[in-house]
Amino acid sequence: MEMIEHSSHTDAARRAGGESWLAAFGIMALNSMFGQKDASGVLRMAIEDLLVDDLAVVSSFGADSAVLLHMVCAINPDLPVLFLQTGRHFDQTLAYVKTLSDRLGLTNVQTLVPDSDQLARFDPDADLWKSDPDSCCHIRKTEPLDKALSGFGGWVTGRKRHQTQERGVLSHFELTDDKRIKVNPLAYWDEEDVAAYKKVHNLPEHPLFGSGFTSIGCAPCTSAVTTGEGARAGRWRGLNKTECGIHFDVNKRISPAMAKAELTLFRDGRFVADPWGKWVEGPAPSEARYAHVPLAQFVANRTAYLAGPHPLGLLVGAGDNVEEVASDLSRFSSIAIEFRTFTDGRGYSSARLLVERMGYKGELRAVGDVLVDQIPLMRRCGINAFVVGHAATRKALEQGVQSAIDVFMQPVGVDEIPLGTRCFLRRANHSNS
Amino acid sequence: MYRYDQFDARFVAGRVAQFSDQIERRISGELSEDQFRPLRLMNGLYLQLHAYMLRVAVPYGTMNSAQLRKLAHIARTYDRGYGHFTTRQNIQFNWPRLDDVPQILSELAEVEMHAIQTSGNCIRNVTTDQFAGAAADEIIDPRPVAEIIRQWSSLHPEFTFLPRKFKIAITGAAHDRAAIKFHDIGLMARRNEAGEIGWTVHVGGGMGRTPMVARKLNSFVPHADLLAYLESILRVYNRYGRRDNKYKARIKILVREEGLASFREQVESEFSEVRGGVLSLPEDELNRIKTYFAPPEFKDSDARFDLAALKVSDPEFARFVVHNTHQHARPGYTSVTISLKPVGGVPGDATDTQMDIVADLVERFSFDELRVSHEQNLVLPHVAIGDVRSVYEALCAAGLGEANVGQITDMIVCPGLDYCALANARSIPVAQEISKRFGSAKRQEEIGDLKIKISGCINACGHHHGGHIGILGVEKRGTELYQITVGGDASENAAIGNILGRGITGEEVPDAIERLVEVYLGARSGADESFLNTLSRLGETPFREALYGND
Ligand code: SF4
Ligand code: SF4
């Protein structure tokens with residue numbers, strides 16, 4: 001097992017497939033795609049379609065970890081597996097990392113270590129866990145993991161609904177506050193499912209499992225459970241603490257299940273959670289992910305953005321010339337057309353040029369002052385997704401707004417082509433959904 | 001004339017339903033006035049000084065009797081018994097209630113009319129020569145092409161939120177009666193060396209606070225390419241027209257700031273992309289539309305007016321014939337203009353009763369066709385010469401027999417401070433005073449053709465820039481004043497009038513006009529030298545001095 005710092009992927013060529021898939025996905029849809037127990041299906045989607053070369057597994061190499069890692073190996077044994085070496089693990093756990101990696105054939109286990117300066121400052125005597133386990137977890141787990149994950153668009157966890165009350169709403173795919181996708185293939189698995197899987201595949205157990213350790217973390221904070229207790233009852237026993245920090249969002253809650261997340265993006269006939277975040281100035285082009293880069297910004301750093309490893313979007317402002325990015329369109333998984341006020345109609349021309357002249361086929365979303373009365377016009381110009389803030393517009397879309405006008409007087413867009421004997425200019429509206 | 005097919009009917013019905021829903025949402029408060037404004041404007045609904053105003057489109061100024069009767073009915077039922085014909089060949093109702101508007105629109109739809117795009121920052125109703133399809137000097141009837149432009153521009157999704165309104169005018173005759181050079185795009189038919197007919201495209205004309213005569217953008221665009229060419233212009237304008245200042249947002253400013261050559265380059269580069277594509281107009285499609293405008297079944301005859309005899313036996317009627325008829329392409333026919341400028345009346349207004357009477361005449365004497373002219377008159381385009389006397393009598397009985405077309409009392413006048421929220425000054429009362437001053441037939445006869453145009457503010461809806469004499473309402477320290485311009489011309493020789501000097505009060509206007517006319521009458525080389533010719537021969541000085549003395 002090698003001890004390395006995580007380094008981010010730069011091989012842009014490997015992204016190709018997932019990006020185009022991503023351009024067409026909605027996370028709500030994802031969550032309804034798989035049977036509850038279809039952990040392999042979820043995993044395969046995440047690895048092969050959704051986050052190609054942009055995904056890592058986070059594993060504690062604890063009592064149940066073998067199940068998930070076994071499934072991963074069946075799909076791609078080279079997938080990065082991140083192990084948090086907190087420095088407080090049982091020796092048995094460290095041994096198990098090796099046993100399991102060898103047995104399953106994992107080729108890419110990466111060990112994440114805490115920052116030594118931080119340790120020296122805050123936990124010089126290695127007893128922080130006693131007085132302030134939250135801070136201990138923060139230094140030993142959250143920070144190293146955050147750092148490593150910044151190179152990935154998403155990560156796989158082994159969390160399950162049955163484990164704690166807070167995890168009871170877990171779904172297969174979640175969106176975290178920093179717009180990463182968290183994949184929980186085992187969300188709906190219970191103890192019996194796990195036990196059965198281990199048995200069928202003859203997986204080696206964690207050395208401590210037989211001694212009553214059903215959930216295994218750091219040595220100081222893990223105790224055995226007795227019959228009748230929950231599997232995780234032995235974690236931080238006596239403390240009002242059930243999560244170590246890596247599964248909290250900034251508000252110290254478990255990141256919300258997607259069903260409860262705010263659904264602001266309307267596409268394919270319904271509202272879905274928007275996996276794309278707000279563009280912020282700052283991160284290097286290679287770090288940009290799931291954000292719409294302003295066109296001028298993109299053009300000024302074209303090479304770096306083109307080489308970046310993560311899914312990227314483009315923001316076309318009202319005054320921007322889309323011609324400037326004509327040859328870069330395949331780089332974008334989503335393009336946002338900004339309507340600063342709904343009376344500024346420049347975005348309609350930009351949309352038509354992108355779709356009709358440059359052949360862009362991905363997600364084209366309207367952002368800004370998007371109102372129900374303009375949506376039929378936007379659709380005709382090729383816009384296929386809408387970020388909606390206006391309440392009445394939202395309501396109208398939820399109710400399946402149909403434009404009262406279902407015929408066109410002029411050909412616009414790629415599919416409004418002349419139809420046989422009709423007047424060359426006009427045709428019935430067949431894309432009014 | 002063009003008749004709706006099922007497709008048009010469905011389109012307009014859909015639009016009525018859509019706007020009715022929007023009105024409902026406005027009344028319920030779901031839509032704020034800010035959100036409602038652009039929607040209502042696109043449906044011709046303005047908020048004026050006292051009430052809503054509904055502007056109904058009369059595409060390229062052509063109507064039939066059923067449509068005119070419907071307008072009369074609407075004036076009677078939902079308004080105060082009259083309608084106002086505008087310089088855009090539309091009709092406005094000044095007093096509709098918001099909650100009546102859906103009903104009005106669905107009644108209009110019954111006769112294939114609507115208010116779509118009569119305002120708002122979109123492509124407005126296409127206007128044309130009121131004698132289209134009738135005039136003797138016509139190269140081609142422009143209405144089929146106007147209809148095609150209407151279809152192409154109706155709710156065009158890309159061009160519904162332009163920087164500013166956009167007006168297109170088209171004429172098929174060499175003599176321009178549609179003021180095309182004062183439009184954002186002006187199209188004039190032309191025959192090229194090969195004998196094919198196409199369009200000379202002018203761009204960037206307009207009135208308003210920065211009046212400009214349109215520049216020639218392309219001297220020959222074939223029929224087949226016309227829509228692609230228009231779409232290219234509109235796209236360049238939509239993308240690059242200024243949006244930071246509403247007074248600099250018209251295409252004329254873009255053309256001026258970019259320079260004609262560079263603007264042309266942009267249009268050509270866009271055109272090279274879209275030309276030959278889906279917007280190409282197939283010949284048979286043009287022909288299909290043309291059949292709607294096929295000439296009626298004329299019965300040619302050698303009937304003609306014996307003016308010399310009429311002047312003796314029937315001088316009033318002779319005067320009507322001289323001024324209110326226009327030479328028709330077919331022998332035995334003429335086009336009759338019905339003046340909506342009775343002496344002392346409100347220019348452009350017609351009562352419901354008058355509309356009904358005109359509708360009868362339209363049906364009986366003009367193959368069921370009526371035109372609205374941009375000079376705010378009505379036209380019976382195809383009247384057999386033998387019927388003109390009957391038409392004249394009926395018009396006189398309805399108070400519509402004014403024989404002043406093209407004369408000094410046939411003024412274009414905007415609504416001004418009596419209706420318009422933007423006005424600085426009244427225009428209608430000023431027009432009424434001028435009209436009374438010059439009302440006598442003899443006086444008008446002596447003066448000959450002279451066009452006075454009046455606007456109540458710099459927006460120039462009364463086209464004062466294009467008047468031989470123009471009158472512009474301005475406001476100075478709380479008083480309404482009027483600036484006088486001379487030398488404007490809205491014909492093919494388009495020119496913008498020059499301001500003679502400081503503003504004068506409303507009471508002074510009739511005298512001032514009188515003095516200008518006196519200078520002209522005293523200085524012209526003969527009765528056939530027009531006001532404009534005399535002006536260009538003498539320069540403005542004598543006119544200025546007549547107004548202000550030598551100071
Ligand atoms: S589990 Fe305990 S020892 Fe491990 S990081 Fe958290 S608090 Fe520290
Ligand atoms: S010119 Fe001015 S006053 Fe007259 S109608 Fe136009 S905006 Fe109103």
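Please read these numbers as outputs of a predicted model, since none were measured by experiment. (Residues numbered from 1 in each chain as written. Chains lettered and ligands numbered in written order. Predicted model: local features only at pLDDT ≥ 70, side-chain atom pairs only at ≥ 80, totals over all residues. Heavy atoms only, no water.)

Describing the overall build of chain B
Turning to step 1, where the next piece is worked out: A count of helices and strands for chain B gives 18 helices and 21 strands.
Turning to step 2, where the next piece is worked out: Taking 24 Å as the expected radius of gyration for a compact globule of 551 residues, we find that chain B reaches 23 Å, a close match to that expectation.
Turning to step 3, where the next piece is worked out: Overall, the C-alpha framework of chain B stretches about 60 × 60 × 55 Å when taken along its three principal axes.
Turning to step 4, where the next piece is worked out: A burial count over chain B gives 63% of its 551 residues as buried.
Turning to step 5, where the next piece is worked out: A fraction of 67% describes how many contacts in chain B between residues 6 or more apart in sequence connect residues 24 or more apart.
Turning to step 6, where the next piece is worked out: Accessible surface computed for chain B: about 19,900 Å², of which carbon and sulfur atoms make up 49%.
Turning to step 7, where the next piece is worked out: Side-chain charges in chain B split into 63 positive and 72 negative, and the spacing between the mean points of these groups amounts to 4 Å. (Helix = DSSP H or I, 4+ residues; strand = E, 2+ residues; numbered from the N terminus. Rg over C-alpha atoms; globule rule 2.2 N^0.38 Å. Buried < 20%, exposed > 50% of the residue type's maximum accessible area, 1.4 Å probe, protein only. Contact = heavy atoms within 4.5 Å. Areas by Shrake-Rupley, 256 points an atom, 1.4 Å probe, with all protein chains shown as cover. Lys, Arg positive; Asp, Glu negative; His and termini not counted. Charge placed at Lys NZ, Arg CZ, Asp CG, Glu CD.)

A word on the confidence of the model for chain B
Turning to step 1, where the next piece is worked out: With 100% of its residues at a pLDDT of 70 or more, chain B shows a mean pLDDT of 92.
Turning to step 2, where the next piece is worked out: The complex prediction reports pTM at 0.73, with the ipTM value standing at 0.89. (pLDDT = per-residue confidence, 0-100.)

Observations concerning the interface of chain A and chain B
Turning to step 1, where the next piece is worked out: At the junction of the two partners, chain A supplies 42 residues and chain B supplies 48 residues.
Turning to step 2, where the next piece is worked out: Across the interface of chain A and chain B, roughly 3,700 Å² is buried in total on both sides, 59% from carbon and sulfur atoms.
Turning to step 3, where the next piece is worked out: Aspartate 344 of chain A is the partner of arginine 243 of chain B in a salt bridge, and the nearest nitrogen-oxygen pair spans 3.4 Å.
Turning to step 4, where the next piece is worked out: Of all the elements in the fold, those that place two or more residues in the side of chain A that touches chain B are α12 (346-357), α13 (375-380), α14 (391-398), β14 (407-408) and β15 (427-428) of chain A. (Buried area = accessible area lost by both parts, 1.4 Å probe. Salt bridge = Lys/Arg side-chain N within 4 Å of Asp/Glu carboxyl O.)

Digging into the confidence of the model for chain A
Residues and elements named next belong to chain A.
Turning to step 1, where the next piece is worked out: Residue-level pLDDT values for chain A average 77, and 74% of them are 70 or greater.
Turning to step 2, where the next piece is worked out: This stretch, residues 1-25, has a pLDDT under 50; its non-local contacts, to residues over four places away or in other chains, come to 56 contacts.
Turning to step 3, where the next piece is worked out: Across residues 426-433, confidence stays below pLDDT 50; counting only partners more than four residues off in sequence or on other chains, it has 33 contacts.

Notes on the domain arrangement of chain B
Residue and element names in this part refer to chain B.
Turning to step 1, where the next piece is worked out: Per the domain assignment, the segments of chain B are domain 1 (6-110), domain 2 (134-290), domain 3 (307-397) and domain 4 (412-548).
Turning to step 2, where the next piece is worked out: If you average the C-alpha positions of domain 1 and of domain 2, the two centres end up 27 Å apart.
Turning to step 3, where the next piece is worked out: Each partner contributes residues to the interface: domain 1 has 9 residues there, and domain 2 has 11 residues.
Turning to step 4, where the next piece is worked out: Summing both partners gives a buried area of about 870 Å² for domain 1 against domain 2, and 66% of it is carried by carbon and sulfur.
Turning to step 5, where the next piece is worked out: Taken as a group, Phe11, Tyr60 and Arg88 account for 57% of the area that domain 1 buries against domain 2, more than any other trio of residues on that side.
Turning to step 6, where the next piece is worked out: Where domain 1 touches domain 2, the interface holds 0 salt bridges.
Turning to step 7, where the next piece is worked out: Linking domain 1 to domain 2 there are 2 residue pairs in polar contact (both at pLDDT 80 or more).
Turning to step 8, where the next piece is worked out: Sort the elements by how many residues they give to the side of domain 1 that touches domain 2 and helix α1 (residues 6-28) lands first, with 3 residues.
Turning to step 9, where the next piece is worked out: Grouping the constituent residues of the side of domain 1 that touches domain 2 by class yields 5 nonpolar, 1 polar and 3 charged. (Domains from an automatic or database assignment. Polar contact = N/O pair within 3.5 Å; in protein donor to acceptor, adjacent residues only side chain to side chain. Nonpolar A, V, L, I, M, F, W, Y, C, P; charged D, E, K, R; others polar.)

Here's the deal with the site of ligand 2
Turning to step 1, where the next piece is worked out: The local shell around ligand 2 consists of Cys414, Pro415, Gly416, Cys420, Leu422, Ala423, Ser455, Gly456, Cys457, Asn459, Ala460 and Cys461 of chain B.
Turning to step 2, where the next piece is worked out: Considered class by class, the residues forming the shell around ligand 2 number 8 nonpolar, 4 polar and no charged. (Near = heavy atom within 4 Å.)

Re the side chain of arginine 239 of chain B
Turning to step 1, where the next piece is worked out: One can find arginine 239 of chain B in helix α6 (residues 226-240).
Turning to step 2, where the next piece is worked out: Judged by its relative accessible area of 9%, arginine 239 of chain B falls in the buried class.
Turning to step 3, where the next piece is worked out: At 2.7 Å, the side chain of arginine 239 of chain B forms a polar contact with the side chain of glutamate 323 of chain A.

A few points about the packing of aromatic side chains
Turning to step 1, where the next piece is worked out: According to the stated counting rule, one finds 23 aromatic pairs over all chains in the structure shown.
Turning to step 2, where the next piece is worked out: A ring pair is formed by tryptophan 95 of chain B and tyrosine 419 of chain B, whose centres lie 6.3 Å apart and whose planes are at 65°; its orientation type is edge-to-face. With tryptophan 95 of chain B in the loop between β5 (91-93) and α4 (101-110) and tyrosine 419 of chain B in the loop between β16 (412-413) and α14 (428-437), this pair connects stretches of sequence that are 324 residues apart.
Turning to step 3, where the next piece is worked out: Residue classification places tryptophan 95 of chain B among the buried residues on the basis of a relative accessible area of 19%.
Turning to step 4, where the next piece is worked out: Tyrosine 419 of chain B sits in the buried class, given a relative accessible area of 15%.
Turning to step 5, where the next piece is worked out: On the basis of an interplanar angle of 75° and a centroid distance of 5.4 Å, the ring pair of phenylalanine 298 of chain B and phenylalanine 367 of chain B is categorised as edge-to-face. With a gap of 69 residues between them, phenylalanine 298 of chain B in the loop between α9 (283-292) and α10 (307-313) and phenylalanine 367 of chain B in the loop between α12 (352-365) and β14 (370-372) connect regions that are remote in the sequence.
Turning to step 6, where the next piece is worked out: Residue class for phenylalanine 298 of chain B comes out buried when judged on its relative accessible area of 13%.
Turning to step 7, where the next piece is worked out: Taken together through their ring pairs, the aromatic side chains of Trp279, Phe298, Tyr305 and Phe332 of chain A make up a single cluster. (Phe/Tyr/Trp six-rings, centres within 6.5 Å; stacked < 30°, edge-to-face > 60°.)

So, the environment of arginine 304 of chain B
Residue and element names in this part refer to chain B.
Turning to step 1, where the next piece is worked out: Relative to the helices and strands, arginine 304 is located in the loop between α9 and α10.
Turning to step 2, where the next piece is worked out: When its relative accessible area of 71% is taken as the criterion, arginine 304 is described as exposed.
Turning to step 3, where the next piece is worked out: Sequence separation between arginine 304 and alanine 384 is 80 residues, and the spatial gap between their C-alpha atoms is 9.5 Å.

Let's talk about helix α16 (residues 509-523) of chain B
Turning to step 1, where the next piece is worked out: In this model α16 of chain B runs 21 Å from its N-terminal to its C-terminal C-alpha over 15 residues, within 8% of the 21 Å that 1.5 Å per residue would give.
Turning to step 2, where the next piece is worked out: Those residues of α16 of chain B that fall on the buried side of the exposure criterion are Val509, Pro510, Ala512, Ile513, Glu514, Leu516, Val517, Val519, Tyr520 and Leu521 of chain B. (Expected span 1.5 Å × (residues − 1).)

As for helix α11 (residues 315-324) of chain B
Turning to step 1, where the next piece is worked out: Counted residue by residue, α11 of chain B has 7 buried out of 10 residues, so it is predominantly covered.
Turning to step 2, where the next piece is worked out: Lining the buried residues of α11 of chain B we find α10, β11 (325-327), β12 (333-338), α13 (388-397) and α15 (441-447) of chain B.

Topic: the packing of α16 of chain B against helix α17 (residues 531-538) of chain B
All names here are of chain B.
Turning to step 1, where the next piece is worked out: α17 packs onto α16 with a crossing angle of 80° between their chain directions and a minimal axis gap of 10 Å. In this view, α16 runs roughly perpendicular relative to α17, as classed from their interaxial angle. Here α16 contributes Leu516, Tyr520 and Ala523 to the contact with α17, which in turn contributes Phe531, Thr534, Arg537 and Leu538.
Turning to step 2, where the next piece is worked out: When its residues are assigned to classes, the contact of α16 with α17 shows 5 nonpolar, 1 polar and 1 charged. (Axes fitted to C-alpha atoms, helices over the stretch in contact; angles between N-to-C directions. Parallel < 35°, antiparallel > 145°, perpendicular 65-115°, else oblique.)

Notes on the pattern of salt bridges
Turning to step 1, where the next piece is worked out: Taken as a whole and assessed by the stated rule, the structure comprises 67 salt bridges over all chains.
Turning to step 2, where the next piece is worked out: As a salt-bridge pair, aspartate 356 of chain B and arginine 76 of chain B come within 3.0 Å of each other at their nearest N and O atoms. Taken together, the residues span a long stretch of sequence, with aspartate 356 of chain B in helix α12 and arginine 76 of chain B in helix α3 (residues 65-78) at a distance of 280 residues.
Turning to step 3, where the next piece is worked out: What makes aspartate 356 of chain B partly exposed here is its relative accessible area of 21%.
Turning to step 4, where the next piece is worked out: Shared partners join several salt bridges into a network, and the residues in it are Arg352, Glu356 and Arg357 of chain A together with Glu158, Glu231, Arg235, Glu270 and Glu273 of chain B.

As for the sheet that holds strand β13 (residues 349-351) of chain B
Strands in a sheet are paired, the pairing made by backbone hydrogen bonds, and the direction either parallel or antiparallel.
Residue and element names in this part refer to chain B.
Turning to step 1, where the next piece is worked out: Strands sit in the order β1-β2-β5-β4-β13 across an open sheet of 5 strands; the sheet is antiparallel. The strands lining the two open edges of the sheet, one partner per strand, are β1 (45-47) and β13. Direction aside, the axes of adjacent strands within the sheet are offset by 30° on average.
Turning to step 2, where the next piece is worked out: Two strands pair when backbone bridges link them, and strand β4 (residues 82-85) and β5 are joined in this way by 2 bridges, in the antiparallel orientation. (Pairing = 2+ DSSP bridges.)

Side note on the site of ligand 1
Residue and element names in this part refer to chain A.
Turning to step 1, where the next piece is worked out: Ligand 1 sits among 10 residues. The nearest are Pro133, Cys136, Cys137, Cys218 and Cys221.
Turning to step 2, where the next piece is worked out: Among the elements that take part in the shell around ligand 1, helix α8 (residues 133-149) stands out by supplying 5 residues, more than any other.
Turning to step 3, where the next piece is worked out: Residue composition of the shell around ligand 1, by class: 7 nonpolar, no polar and 3 charged.

Structural notes on the sheet that holds strand β1 (residues 55-59) of chain A
Residues and elements named next belong to chain A.
Turning to step 1, where the next piece is worked out: Read across the sheet, 6 strands follow the order β3-β2-β1-β4-β6-β5 without closing on themselves; strand pairing throughout is mixed. Bordering the open sheet on either side are β3 (109-112) and β5 (173-175), each of which pairs with just one other strand. The mean angle between the axes of side-by-side strands here comes to 30°, regardless of whether they run parallel or antiparallel.
Turning to step 2, where the next piece is worked out: For β1 and strand β4 (residues 154-156), the ladder comprises 3 bridges, and the chain directions are parallel. What sits directly across from valine 57, in β4, is valine 156.

Remarks on the packing of α1 of chain B against α4 of chain B
All names here are of chain B.
Turning to step 1, where the next piece is worked out: Between α1 and α4, whose axes approach to 9 Å, the crossing angle comes to 175°. Comparing the axis directions of α1 and α4 gives the class roughly antiparallel. Where α1 abuts α4, its residues Val12, Val16, Phe19, Ser20 and Ile23 lie against Val101, Pro102, Leu105, Ser106 and Ala109.
Turning to step 2, where the next piece is worked out: Taken together, the residues of the contact of α1 with α4 break down into 8 nonpolar, 2 polar and no charged.

Re the environment of glutamine 92 of chain A
Turning to step 1, where the next piece is worked out: By secondary structure assignment, the location of glutamine 92 of chain A is in helix α5 (residues 91-104).
Turning to step 2, where the next piece is worked out: If near-sequence neighbours (up to four positions away) are discounted, glutamine 92 of chain A is found in contact with His206, Pro207 and Leu208 of chain A.

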